[in-house]
Amino acid sequence: MKSAIRHITVNCAPPLEPYTLAEFWSATLGHPIHPDDAPGDDEVLIELPHSPGLLFVRVPNPKPPTIRNRLHLDLQPEQPRDEEVTRLLALGATFVDDQRTEDGRGWVVLADPAGNEFCVERSNTERTTP
């Protein structure tokens, strides 16, 4: 017997609403919020093809700001990494750290509107171009 990962769940503490955070990730990933979900819902889902869904759930208390996330997402954009970082900052992400190296490798650490960190890696084209 085995289990499958159905959802990756992201906690949303006041004042941030699950729907608002889902809107950021919907724009980031290019996948819609589930049609049954609406502003004010306690749970909001983004279904992803061939991957677990992202489920945003209302919780009563925020995570202390001094505690780092134990789990985060690594994104591989379709466009060049630096263009994607610019796009995500315009959507409401915040800059956390720059781990890019002179040879073009590395990643950029951003945070979503709730403060959850995620990394933006190189695009597939950037990985395969010498």
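Calculation criteria
Residues numbered from 1 in each chain as written. Predicted model: local features only at pLDDT ≥ 70, side-chain atom pairs only at ≥ 80, totals over all residues. Heavy atoms only, no water. Helix = DSSP H or I, 4+ residues; strand = E, 2+ residues; numbered from the N terminus. Expected span 1.5 Å × (residues − 1). Buried < 20%, exposed > 50% of the residue type's maximum accessible area, 1.4 Å probe, protein only. Contact = heavy atoms within 4.5 Å. Pairing = 2+ DSSP bridges. Axes fitted to C-alpha atoms, helices over the stretch in contact; angles between N-to-C directions. pLDDT = per-residue confidence, 0-100.

**Q** Break down helix H1 (residues 18-29) for me, with residues and values.
**A** One turn of the α-helix equals 3.6 residues, which is why residues spaced by three or four share an orientation. Here H1 is twelve residues long and its end C-alpha atoms lie 16 Å apart, about the 16 Å a rise of 1.5 Å per residue gives. Taken residue by residue, H1 has Pro18, Tyr19, Leu21, Ala22, Phe24, Trp25, Ser26 and Thr28 as its buried positions. Looking at the buried residues of H1, the elements they touch are strand S1 (7-12), strand S2 (43-46), strand S3 (53-58), strand S4 (73-75), helix H2 (81-91) and strand S7 (117-120). Directly beyond the C-terminal end of H1, a positive phi value near 75° is found at Gly30.

**Q** Now, about the sheet that holds S1: what can you tell me, with residues and values included?
**A** The strand order across the open sheet formed by three strands is S1-S3-S2, and the pairing between neighbours is mixed. Lying at the two open borders of the sheet, with one neighbouring strand each, are S1 and S2. The mean inter-strand angle of the sheet, taken between neighbouring strand axes irrespective of direction, is 20°. Two elements, S1 and S3, share six bridges in a ladder whose sense is parallel. Counterpart to Thr9 in the pairing with S3 is Leu55. With respect to the sheet, H1 is in contact with S1, S2 and S3, its orientation differing from that of S3 by roughly 160°.

**Q** Describe the sheet that holds strand S6 (residues 108-111), and please don't skip the residues or the numbers.
**A** A sheet is described by the order of its strands in space; here four strands give the open sequence S4-S7-S6-S5, paired in mixed fashion. Two strands bound the open sheet, and with one partner strand each, they are S4 and strand S5 (94-98). For this sheet, the mean inter-axis angle between neighbouring strands, taken without regard to orientation, is 30°. Inspection of the sheet shows S5 paired to S6 by four bridges, in the antiparallel sense. In the sheet register, Asp98 faces S6, and the bridge partner there is Val108.

**Q** Explain the confidence of the model for the protein chain residue by residue, including any values.
**A** With 98% of its residues at a pLDDT of 70 or more, the protein chain shows a mean pLDDT of 92. Per-element confidence in the protein chain is highest for S2, whose mean pLDDT is 98, and lowest for helix H3 (residues 124-128), whose mean pLDDT is 88.

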